Structures are given as C-alpha cells and as structure tokens.
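Listed below are the residues making up each chain.
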Amino acid sequence: MVDYHAANNQYAAGGPPTYMEQENDWDRDLLLDPAWEKQQRKTFTAWCNSHLRKAGTQIENIEEDFRDGLKLMLLLEVISGERLPKPERGKMRVHKINNVNKALDFIASKGVKLVSIGAEEIVDGNAKMTLGMIWTIILRFAIQDISVEETSAKEGLLLWCQRKTAPYKNVNVQNFHISWKDGLAFNALIHRHRPELIDYDKLRKDDAVTNLNNAFEVAEKYLDIPKMLDAEDIVNTARPDEKAIMTYVSSFYHAFSGAQKAETAANRICKVLAVNQENEHLMEDYEKLASDLLEWIRRTIPWLENRAPEKTMAEMQQKLEDFRDYRRVHKPPKVQEKCQLEINFNTLQTKLRLSNRPAFMPSEGRMVSDINGAWHTLEGAEKGYEEWLLNEIRRLERLDHLAEKFRQKAAIHESWTDGKEAMLTQKDYETASLSEVKALLRKHEAFESDLAAHQDRVEQIAAIAQELNELDYYDSPSVNARCQNICDQWDTLGALTQSRRESLERTEKQLESIDELYLEYAKRAAPFNNWMEGAMEDLQDMFIVHNIEEIQGLITAHEQFKSTLPDANKEREAIQAIQAEVQKIAQYNGIKLSGTNPYTTITPQSIDNKWEQAQQLVPQRDQALQEELSKQQSNDHLRRKFATQANIVGPWIQTKMEEIGRISIEMNGTLEDQLTNLREYEQSIIEYKPNIDQLEGDHQLIQEALIFDNKYTAYTMEHLRVGWEQLLTTIARTINEIENQILTRDAKGISQEQLHEYRASFNHFDKDHSGALMAEEFKACLISLGYDVENDKQKRSGQMVADDFRALLISTGYSLGDAEFARIMGIVDPNNSGAVTFQAFIDFMSRETTDTDTADQVIASFKILAGDKNFITAEELRRELPPDQAEYCIARMAPYSGPDGIPGALDYMSFSTALYGESDL
C-alpha cells in the first residue's frame, strides 16, 4: 500500500505535486454516512457508466463489478486514452488481485498516491474502499485538470461555478453540498450555457425537487450527462455528499468546455475572415484615394502653368491670394491624403505579410511611385508659378509705387495750395492795425519763402508723370491732366503773391503815423488805471480791528486818500485828450481803425467807469469807519468792567489756595478741630460764588462782542474758572484727607502724636509744598522715621533714636535696598506716577506699625468653623455666621475639588486669599 500521509507531507514541503490532495474521509476505521454512501454509489456508478458505455459495457453494482479488476482496467483505458498491461483472465483470487494491482499501479503512475487502499479490499468487495478508489480516479481524471484563474481542481471547479452562476438571483455557490440543495445552481449552469433549454425565471427556490429533476432531465436529454443523483435523496439529506455533487458538477464542466472549444474554433475562422475582409477594404480605399489624388493633380497642374499677366496690382494680388489659399487650404489635405495613402499602403503590405497573404499590387498607374512622380510634377509647376507671380508683382509694384508717389505728392501739393488763392486776394489789411499789418507783412514774407520751397515739389511731380508716360502706365491720361492743373495753378499763385506784397507795404506806412499816439496813451493809462483799481480795492477792503487805536489809524489814512483826488482827476482828463487826438487823425486820413489800442486793453470808457465807482465808494467808506469806531468804544467799556472785577477775584482765589495749603501743614489742634475749621472755611468760600457768577455774565457779553483780548487785566475767565474749581477741589480734598486720617487713626489705633510726627516728617521733605513726595523724597522720609529698607521689612518703634537721626542727616548718601524700595513704591504708588500723597504715606505707615488681619488668619478661622477640615459646607456657614454674611460666602466660594471633598463642599482657602487680593474672587 501507498502511504497517503507521506505523500501529503512531501507536497507540503515543496516537492513537485504528484496528484490532487486526497481527503481523509476514507479512513479504514470510519464508516460512511448511509445517505452519503447511497448518493456516492449512484453518482459514481453513473459516472463510470458514462465512460464504460464508450467501450460497450457498464456496471450494475460498483463494489461487485470491479472485484475482478477487468472493468476497472477498461475504465482507466477509456478515461486516460492509454493502454494498460494485458489483464489476467483467470477466475482465481490471485488473478483478480493482480488485475486490480495493475489498475492501482496505473493510477499511481499518474501521480496519485493512494492512502489505505489495497487490491485485497477491492477484490473483497469493500464498499468504502471501492468508493474511495473511484473518487480518487474522479479527482485525478475529471477534476484535477480543471483550471480557472490560477486555481485548479476543487477550488478551480468551485470558482468556475461561482463565476457562471453569479448573475442569477437566489444562487450563491459557496461549497459542493448545501449550495446545490435547492437545484437552482444546476439550472443556472445549464441556462448560462444553453439558455434556450431552461426558463429560469419560472423556477421557485422553495420547490427544490422540481428544480433538481428539471436540471437532471435536461442535462441527460440535451447535454448527454447521465442522471447521477436522485432529487429526493438530495432534498431529504441535511448535507448532501460533497463528492457526489463534485462528480456531477464536473460532468457539467466537461460538457460545457467541449462547447466552448467549438466556439473557439468558430471565433478563429471569423478572425481569419475579418482580417481578409479588412485587407480587401484597405485595398479598395487605396485604389480610391490614389485615383482621387491623381485626378486632383491632373486638374491643378494646368492652373499652375497659366502665365497670363494682369494689368493692376490688385488683380495680381488676388492671384497671389488664390495661390496662398491653395497652399493653406487646398494642398494641405492632399498632402495628408498622400501621406495617409503611403501609410495605408505600407500598413496593408505589413498586414498581408503577417497573415501569410500575397503582397498587394495596385492597378496600373496607381503605384506609389506613380503618385510620387505626379506629385513631383505638381510641385515643379507650383514653384514656377510662385516665381512668376512674385516677379510680376514686383513689376507692377514698381508702377504702382510711381503712381502712388505721384498721387501722394500731387495730393500734398493740392492740399497746400488749397485756399491759397483766396488768402492772397483778401483785403484783411484795410481794417487792421499797424501791428497787425506788420504781422501780415511778415506772414506774407514767410509764405513767399514757403512758395519758393514748393517749386521743387512741382518739378518732381512733372518728372514722375513723364516717367509714367514712358513706362506706358495704364492710367497715364488722368496723370497728365492732373499734372497740367498743378502747373497752371502754380503760375497764378506767383502773380497773386506779388500783388499782395505791394498792398501790405502801402498800408503799413499809413498806420505808422497814429502808432505813437497809441503808445503814449498806453504809457499813461496803465499806471492811472492801476492807481484807481488799488484805490477801489482799499475802499472796499474788509477791515478787522480790536481796539480804538487801530480804527483811528484807518480813519486818518482815509482822510489822506481823499486829499489826492483833485490831482487824479486832472490826469484822467489828459489821458482822454490823447484818445480824442487819435480819432481826429484817423478821420482826416480816412483810416478804418480796428477800435482797440494794440498796446493796452484799457479803454477810455473803462477809465471813466472806474473813476465814477471810486467817487461813490468814498462816502460809503466814511460811514463804515465811523460805525466801527462806535463799536470799539463800546468794547473798551466791556473790557474795563470785566478787568475791574477779575483783578479782585483772581488774587482772592490765590490767597485762599495758599491759606488752605498752610492750614493742611500747620496741624493746629486735634483732627476733629481741624475738620471743623476746614468745613467753616469751605462754607465761606461757597458764599463767594455770586462774584464768580457776575464775572461769568460779563464774560458772556465779551464773547458775544467777539472780544479776544483785554489789556486791562492778566486774568481770563478760563483761568479764573479753573482756579475756582481747583479751590473747591482743594478744600474738599483737604477735608477728605482729615476724615481719612481720623478713620485711619481710629481703625489702626494710631495716636494723635504719631499722626503729628508723620505729618511733620512729610511736610519737612515736601520742599515745594505740592502735597506729594517724589521717590527720593519719600525714601529720605522713610529713613527719617527709622524704617530700614535694607533689613527686609524690619519694623522699628517709630521713635527716632541717635542712629535714626544720623541716617536722616546722611539721607542724601544713604543707600537703600533697590528691591525693597521698589516693593514699597509699588504699595504707595500703584499707578507709577512717581509721587506719594500724604494719604498713601499714612496708609503705608499704619500698615507697617499696627497689626492687621491677613489671609492666613482668615483661613485659620474658617478651618475652626469647618471642624479642622480643608473645606466647609453651606450648612456649617449658615450655622456659624449671620444669615447675610453666610449667604455672601456661599455665593462666592468655589466648589472644593480636593480628594477628601464631599458633595456640596466649598473651598474657603481660595475665597480667603481672594479677599486680600492674592487671587481672583
């Protein structure tokens, strides 16, 4: 016997596979399920008979009919197509064993290693071993060679079934047992390959017996696949036998693979015919393309060989444009057709050669060489035509250039002469002034120079016309007529030019006689006109004065101006007499004056008008000055009234400010006595308010009169108003300081003597009596009181011993610790203003010399109320504190987050530090 397990290990270790893996279902010590055994008997028997019938025999009982080995050897010869050794015909057991061994040896020679299957079991009719042997044969010869997408045997067969049945509803092939039980998978396989045999849509998933019988009957009738299973056996079995199903399905695979081979053969024939048809189509396309291309070349060459010239450049340009159109539009597609023709020819020859067909031979005159020859002829004609076109265009371009040059010069000359005759015949000098006549004469001289310069152009025009005649230009008559007109007009312009010069020179002499009178008029009229304009401007000038002296100065200047008016009137009359003399001379000589003086724009009428306006403005100026004088006198009265009162109120405010400063420094009596005196002093200041109100009323009148200065007083209302407000603020602040000192004294237990000492020290170092100490002054004050900054907050008694006094004496050189002094300044001057007020000084000294509550003390108190816990509850607060204070704490205390907390616990520690500004509340 052959060791099945050894064979499996060899395959797993990487050795060459010799057969498809055999399953362990055929172990000698196990028994087949009766239902499975029944299905295998029927399936394997039908499978064997499907092959044995090819040899004209069959079996009835699978374990009995293979016992002598004869039909077994015959089966192997049929399915393998090979001859086995000659069987022994004896009836003895040894003969049967020998025959079975020959069969088993043949199976082993095909790479199948049988496991636990020996000839004795087959000869003895062991059903299990016989079925196992047949299954091994089926695996090797019916299933092992199945290959689908790199999978083979069972996996390949399963994949083939899945691919074929994938499009069908209710079919999901995952194995070779349960997936086939409802019969739909068998029907789907048949319908996929032979859809005309089964109406798949009428099948029902819940009618398995009908489905199975339908598939089995159709397979047997139309596909020559014998019925290998009974539908009832499959339906009534919980799990159909896998090997029976695989054997049956493999028959479907082999049946349909044969049909696929026939389809492949048909496809090969169709492919060959398609290649032949494509080649014939390419041949027809070549013949048609070649014929069309040769016909186009035959029609195009005569057009390119036409050399008939045209008369005009436009007609030749059209020919060139047609040629370019041929190059851009008509020829490129033909070039592409020629190229495609050669490509198609080469492609066709290649396809014929690759498909073992004879080479293609085009019809006569349509060979590629014939087409290339015709194309060469076409390009030669094309090149000659292009050269002829360019030469002809150059010839016509020369003629057109001359003609255009003639037209351009003629147009320029005609444009220049346009209007010249009218200009030369006009009489504009008859009404012109002397300067205008001189200008016309100079302009005429310039025209004469321009006329001489144009002589060359006229000669060039005549020369070009002569050359066009010699070259037989087609439009020579019109050129000659235009040239003659230009020459005739030129002669006329010369005669008119001479006549105009004579007229201009005669008129010039007539006008020079009155030019001197115009010049004298202009010289005298201009300064007089400027004087009148200045006078009118001064008379209408807006004036702004602020006092009586300024308005009196303006009145004096006006009186001086009025005294100059008689002499001015005499000058006006002399100027008007010059203009009258000009009019007299013009009338006598019959000269038409232009009405304007060439040297000035000032007319006699404008001089008279301005003189009349000045006469009207003088009394108006007198009235305005007198009104302003009255106004300034009233304003001066208002100034004096305000100044009298301001000069009283200003010093009074200053005196009161000094008295308040002195009261705050002297410290007479107790703090209560000082407070009483200051309040009485405040009342006396308030009673002075009506004097301020009176000043406000006077100031309002001054503002309404737009008075902005007052030489009678140095006080302004703004200064007085600020001083009054400072006075009220100072007395209120002084009272408040005394009140705060009383509060500090009572709250901190500071004696009256200590307050006096602090005030005395503060006043001593407040050199400018500003009520505040600068940083260095404050440092010296602290040292004078015995506060040693360098000893890290060390407090002293507040009494000045000998060392303290010595420190005071050397305060300017005493070195305080910078860090400690910066800390103190942060307390007394939190805004970094650089100054320390007395109140801030008192607050600091009271904190340094008295005991105060701290955050730690409050935390210790809360800890007592909480029973020594790190948190406190709302109930404990309400029990130990007054209701309003208890609720105040509950509303502001944060929840306690420590590990020993309980629900509702409150954090009294953070609350206590927040009370003293050490954290946020």
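Numbering of residues begins from 1 in every chain and follows the order in which that chain's sequence is written. Residues qualify for local features only when their pLDDT is at least 70, as the model is predicted, and side-chain atom pairs are given and counted only at 80 or more; totals for whole chains, interfaces and linings, by contrast, use all residues. Hydrogen atoms and water are omitted, and side-chain values are computed over all heavy atoms in the structure.

1. Quick look at the nonpolar core
Defined as follows: Joining through side-chain atoms within 4.5 Å is the link that ties buried Ala, Val, Leu, Ile, Met, Phe, Trp, Tyr and Cys residues into a set, and such a set is a nonpolar core. Residue exposure (1.4 Å probe, protein chains only): buried if accessible area is under 20% of the type maximum, exposed if over 50%, otherwise partly exposed. Note on conventions: DSSP H or I runs of at least 4 residues are helices, E runs of at least 2 residues are strands, and numbering of each starts at the N terminus. Whether two residues are in contact is decided by their heavy atoms, any of which lying within 4.5 Å being enough.
Ranked by size, the top nonpolar core spans 79 residues in total, and within it Ile137, Trp180, Phe186 and Ile190 carry the most contacts. In terms of residue count, the dominant contributor to this core is helix H7 (residues 127-143) (11 residues). Residue contacts for Trp180: discarding those within four places in its chain leaves Cys161, Val173, Asn175, Ala185, Phe186, Leu189, Leu212, Ile245 and Val249.

2. Section: the pattern of salt bridges
Spelled out, the test is: Salt bridges are identified by distance alone: a Lys or Arg side-chain nitrogen within 4 Å of an Asp or Glu carboxyl oxygen.
All told, the structure shown has 49 salt bridges when counted by the stated rule. Put simply, Glu77 and Arg83 hold a salt bridge, and the shortest N to O gap is 3.6 Å. Under the relative-accessibility criterion, Arg83 is labelled exposed at 72%. Residues participating in the shared-partner salt-bridge network are Arg327, Lys331, Glu379, Glu382 and Glu386.

3. Some points on the environment of Pro903
Among the secondary structure elements, Pro903 is positioned in the loop between strand E5 (894-895) and strand E6 (906-907). Between the alpha carbons of Pro903 and Thr873 there is a distance of 9.0 Å; along the sequence they are 30 residues apart.

4. With respect to the environment of Arg395
Relative to the assigned elements, Arg395 resides in helix H14 (residues 368-417). Since its relative accessible area comes to 42%, Arg395 is described here as partly exposed. Counting along the chain gives 82 residues from Arg395 to Met313, while the straight-line C-alpha distance between them is 9.1 Å.

5. Things to note about the packing of aromatic side chains
Counted only if it meets this: Under the pairing criterion, centres of Phe, Tyr and Trp rings, with the six-membered ring standing for Trp, must be within 6.5 Å; the plane angle then separates stacked pairs below 30 degrees from edge-to-face pairs above 60, leaving the rest tilted. Counting as a charge over the ring demands two things of the Lys NZ or Arg CZ atom: a distance within 6 Å of the ring centre and an angle within 35 degrees of the ring normal.
According to the stated counting rule, one finds 32 aromatic pairs in the structure shown. Taking 5.8 Å as the distance between ring centres and 5° as the angle between the ring planes, the aromatic pair formed by Trp416 and Phe447 counts as stacked. Placement of Trp416 in helix H14 and of Phe447 in helix H16 (residues 434-453) is noted, with a sequence separation of 31 residues between them. Like Trp416, the residue Phe447 is buried in the burial classification. Residues Phe862 and Tyr908 carry aromatic rings whose centres are separated by 5.8 Å and whose planes lie at 25° to one another, so their mutual orientation is stacked. Taken as a pair, Phe862 in helix H30 (residues 855-865) and Tyr908 in helix H33 (residues 908-915) lie far apart in primary sequence, 46 residues in all. Across this residue pair, the class does not change: Phe862 and Tyr908 are buried. In this structure, Lys420 packs its charged tip against the face of Trp416, placed 4.8 Å from the ring centre. One cation-aromatic arrangement involves Lys869 over Phe871; the distance from NZ or CZ to the ring centre is 5.6 Å.

6. Looking at a nonpolar patch on the surface
The following threshold applies: Grouping into patches uses exposed residues only, defined as over 30% relative accessible area, and leaves out salt-bridged ones; the cut-off is 9 Å for like charges and 5 Å for nonpolar side chains (Val, Leu, Ile, Met, Phe, Trp, Tyr). Only the protein chains shown count as cover for residues, and all accessible areas are computed by the Shrake-Rupley method using a 1.4 Å probe.
Nonpolar side chains collect at one region of the surface, where Tyr888, Leu915 and Tyr916 lie side by side and expose about 270 Å² of accessible area between them. Structurally, Leu915 can be placed in helix H33.

7. A closer look at unusual backbone geometry
The backbone phi angle of Asp224 is positive, close to 60°, even though this residue is not glycine. Of the residues examined, Asp224 reaches a relative accessible area of 54% and is grouped as exposed. Within the chain, Leu706 stands out as a residue other than glycine whose phi angle is a positive 60°. Its place among the elements puts Leu706 in the loop between helix H23 (689-704) and helix H24 (717-748). Looking at Leu706, the relative accessible area reads 57%, which means it is exposed.

8. A look at the confidence of the model for the chain
Quick note on the threshold: The predictor attaches a confidence to each residue, and that confidence, scored 0 to 100, is pLDDT.
Averaged over the chain, the pLDDT score is 81; the fraction of residues at 70 or greater is 88%. The weakest mean pLDDT in the chain belongs to helix H1 (residues 4-12) at 33; the strongest belongs to helix H9 (residues 184-193) at 93. The low-confidence segment residues 791-815 (pLDDT under 50) makes 30 contacts with residues lying over four places distant or belonging to another chain.

9. Let's talk about helix H13 (residues 313-354)
So the rule is basically this: Each helix should span, by expectation, one fewer than its residue count multiplied by 1.5 Å. Throughout, bend refers to the angle between the axes fitted to the seven residues that end at a position and the seven residues that start at it.
Its 42 residues place the ends of H13 59 Å apart at the C-alpha level, agreeing with the 62 Å of an ideal helix rising 1.5 Å per residue. In H13, a bend of some 45° at Lys331 exceeds every other bend along the element, and Pro332, a proline, comes one to four places later. Directly after H13, the chain includes Asn356, whose backbone phi takes a positive value near 60°.

10. Details of the packing of H30 against H33
Stated precisely, the cut-off is as follows: Angles run from 0 to 180 degrees between N-to-C directions of axes, and those axes are lines fitted to C-alpha atoms, restricted for helices to the stretch in contact. For classification purposes, angles smaller than 35 degrees are called roughly parallel, those larger than 145 roughly antiparallel, those between 65 and 115 roughly perpendicular, and all remaining angles oblique. Handedness of a crossing follows from how the near helix is turned relative to the far one, being left-handed for an anticlockwise turn of less than a right angle and right-handed for a clockwise one. Residues are sorted three ways: Asp, Glu, Lys and Arg are charged, Ala, Val, Leu, Ile, Met, Phe, Trp, Tyr, Cys and Pro are nonpolar, and all the rest, Gly among them, are polar.
Orientation of H30 relative to H33, taken along the N-to-C sense of each, is 150°, at an axis distance of 9 Å. On the basis of the axis angle, H30 is roughly antiparallel to H33. Between H30 and H33 lies a crossing of right-handed hand. Two secondary-structure elements touch here, H30 through Ala855, Val858, Ile859, Phe862 and Lys863 and H33 through Tyr908, Met909, Phe911, Ser912 and Thr913. Among the residues forming the contact of H30 with H33, the class breakdown is 7 nonpolar, 2 polar and 1 charged.

11. A word on the packing of helix H26 (residues 775-784) against helix H28 (residues 818-828)
Working note: a packed helix pair is described by the angle between its axes plus the distance between those axes. Packing of H26 against H28 leaves a shortest axis separation of 12 Å and a crossing angle of 105°. One element, H26, and the other, H28, form an angle in the roughly perpendicular class. Facing Ala775, Phe778, Lys779 and Leu782 of H26, the residues of H28 in contact are Phe821, Ile824, Met825 and Val828. For the contact of H26 with H28, a count of residues per class yields 7 nonpolar, no polar and 1 charged.

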